[in-house]
Amino acid sequence: MIVDPLDSAPAPVEFSTFWHGPLDPVTYTCLASFPFQRAELRLYTYDAGVEVPAGITIADARQIVADETLTSRFIVDGRTSYSKFSNYFRYSLLRQVDTCWVDADLLCLRKPAFADDPIVIGRQFNADGPWALNGAVLKLPRKHPILAELCERATLALDHDTKWGVIGPLLITDMAKKYRLGDQSRPPTDFYPLQFDRFWKALLPGYHRHMVKITETSVFLHLWHEHYGRSGYDKDIAPVSGSFLHGWCERLGTLDRFKRAYERLELRRVLGDFVDERPG
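Residues numbered from 1 in each chain as written. Predicted model: local features only at pLDDT ≥ 70, side-chain atom pairs only at ≥ 80, totals over all residues. Heavy atoms only, no water.

Once that is clear, we can look at the overall build of the protein chain. A tally of helices and strands in the protein chain yields nine helices and 13 strands. Taken over C-alpha atoms, the radius of gyration comes to 18 Å for the protein chain, in line with the 19 Å a tight globule of 280 residues would show. Its C-alpha atoms put the protein chain at 65 × 45 × 40 Å along the principal axes. The burial tally for the protein chain puts 54% of its 280 residues in the buried class. Here the contacts in the protein chain between residues at least 6 apart in sequence split such that 72% fall between residues at least 24 apart. Counting only carbon and sulfur atoms, one obtains 50% of the accessible surface of the protein chain, whose full area is about 13100 Å². Counting 34 positive and 36 negative side-chain charges, the protein chain places the averaged centre of each group 4 Å from the other. (Helix = DSSP H or I, 4+ residues; strand = E, 2+ residues; numbered from the N terminus. Rg over C-alpha atoms; globule rule 2.2 N^0.38 Å. Buried < 20%, exposed > 50% of the residue type's maximum accessible area, 1.4 Å probe, protein only. Contact = heavy atoms within 4.5 Å. Areas by Shrake-Rupley, 256 points an atom, 1.4 Å probe, with all protein chains shown as cover. Lys, Arg positive; Asp, Glu negative; His and termini not counted. Charge placed at Lys NZ, Arg CZ, Asp CG, Glu CD.)

Okay, here's the thing in structure tokens:
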């Protein structure tokens, strides 16, 4: 008998994510925020020996994508992109498991209250149009036709060098328009209160009050780790003392995982032109 994979799935779980390789301290902090807020999180990985925070469940990523070599076959701007692979992985996961996907660079600020919602997706700021969606938080019914199409489109990207986001936010926004999911999306304040080009505000103490204000009703804070790499930020060094993210590292007890903390002027030099202090 041929078994439909949509009818034989791993056990449901509240939240799921994926990571490849050792956990840097910033990502470790993000994962630790989920059990801190009493939110169940399963980490899929190809490395059973990865060290994770207490309360996180580890699962074999081969249950979802059996071929580990696919991690190296998603390319962005000439380089292997695990972020791009994670798009393929999340769509495959959501077809097989009743869960809500979360990116590993999300800080859980308060206990989520949408376990019974069949669709969870959020809008992010978009300078080029009326709205755009992001898949960093994504929950869809396993048999919804959008998932089959997302998987198909992501598979077509194998071995093709593309720009960042082609099978991520750009594709999700297009598919959501096609399947008319925009009206079910949540406002940016829920998951994306910090715009991607303002990622540095979570790292500098002068913006602590601002960060507290913009996240006062947020469930998650997307830290936009893609931009950490682009800016040259070293995730083995803690944010500046007094910053919003440093405060969360203290609260979660993860500061000892960092080599040290950045000094304010040092981090300003590292971030350079990424720090744009014009209103926005």
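Think of a pair of aromatic rings as described by two things: how far the centres are apart, and how the planes are tilted against each other in angle. According to the stated counting rule, one finds 25 aromatic pairs in the structure shown. By way of ring pairs, the aromatic residues Phe15, Phe34, Phe114, Phe191, Tyr192, Phe196, Phe220 and Trp224 are connected into one cluster. Looking at arginine 230, its charged tip hangs above the ring of tryptophan 164, at a distance of 5.7 Å from the centre. Directly above the ring of tyrosine 262 sits arginine 260, whose terminal nitrogen or CZ lies 6.0 Å from the centroid. (Phe/Tyr/Trp six-rings, centres within 6.5 Å; stacked < 30°, edge-to-face > 60°. Lys NZ or Arg CZ within 6 Å of the ring centre and 35° of its normal.)

Another point: the packing of helix H1 (residues 25-36) against helix H8 (residues 244-252). It is the contact of H1 with H8, at a shortest axis distance of 10 Å, that shows an interaxial angle of 60°. Considering their axes alone, H1 and H8 lie oblique with respect to each other. Where H1 crosses over H8, the two elements pack in a sense that is left-handed. Judged by residue contacts, Val26, Thr29, Ala32, Ser33 and Phe36 of H1 engage Leu245, Trp248, Cys249, Arg251 and Leu252 from H8. (Axes fitted to C-alpha atoms, helices over the stretch in contact; angles between N-to-C directions. Parallel < 35°, antiparallel > 145°, perpendicular 65-115°, else oblique. Left-handed = near helix turned anticlockwise from the far one by under 90°.)

A few words now on the nonpolar core. Counting residues in hydrophobic clusters, the biggest one holds 55 residues, and the most contacted among them are Phe15 and Phe220. Formed by 35 residues, the second largest nonpolar core is a distinct cluster that contains Phe74, Val97, Leu133 and Leu140. (Core = buried A, V, L, I, M, F, W, Y, C linked by side-chain atoms within 4.5 Å.)

Residue placement: leucine 158 occurs in the loop between helix H3 (145-155) and strand E10 (161-162). Looking at leucine 158, the relative accessible area reads 16%, which means it is buried. Spatially, the C-alpha atoms of leucine 158 and isoleucine 75 are 7.8 Å apart, while their sequence positions differ by 83 residues. Once residues lying within four places of it in the same chain are set aside, the contact partners of leucine 158 are Leu70, Arg73 and Phe74.

With that settled, consider the pairing of strand E1 (residues 15-18). Along E1, one buried face is formed by Phe15 and Thr17 and the opposite face, lined by Ser16 and Phe18, is buried too. Alignment of E1 against strand E2 (residues 41-45), held across four bridges, turns out to be parallel. Considered in E2, the bridge of threonine 17 is made with leucine 43. In the sheet, E1 pairs with strand E6 (residues 100-102) via two bridges, with the strands oriented parallel. Bridging across to E6, serine 16 finds its partner in tryptophan 101. (Pairing = 2+ DSSP bridges.)

Let's shift gears to the pairing of strand E9 (residues 132-139). Regular strands have side chains that alternate between both faces of the sheet. Most of E9 is tucked away, with eight of its eight residues classed as buried. With two bridges connecting them, E6 and E9 associate as antiparallel partners. Paired with tryptophan 101 across the two strands is leucine 138, which belongs to E9. Pairing between strand E8 (residues 120-124) and E9: five bridges, direction antiparallel. Bridge pairing in E9 places valine 120 opposite lysine 139.

Remember that the coordinates give geometry; whether it matters functionally is a separate question.
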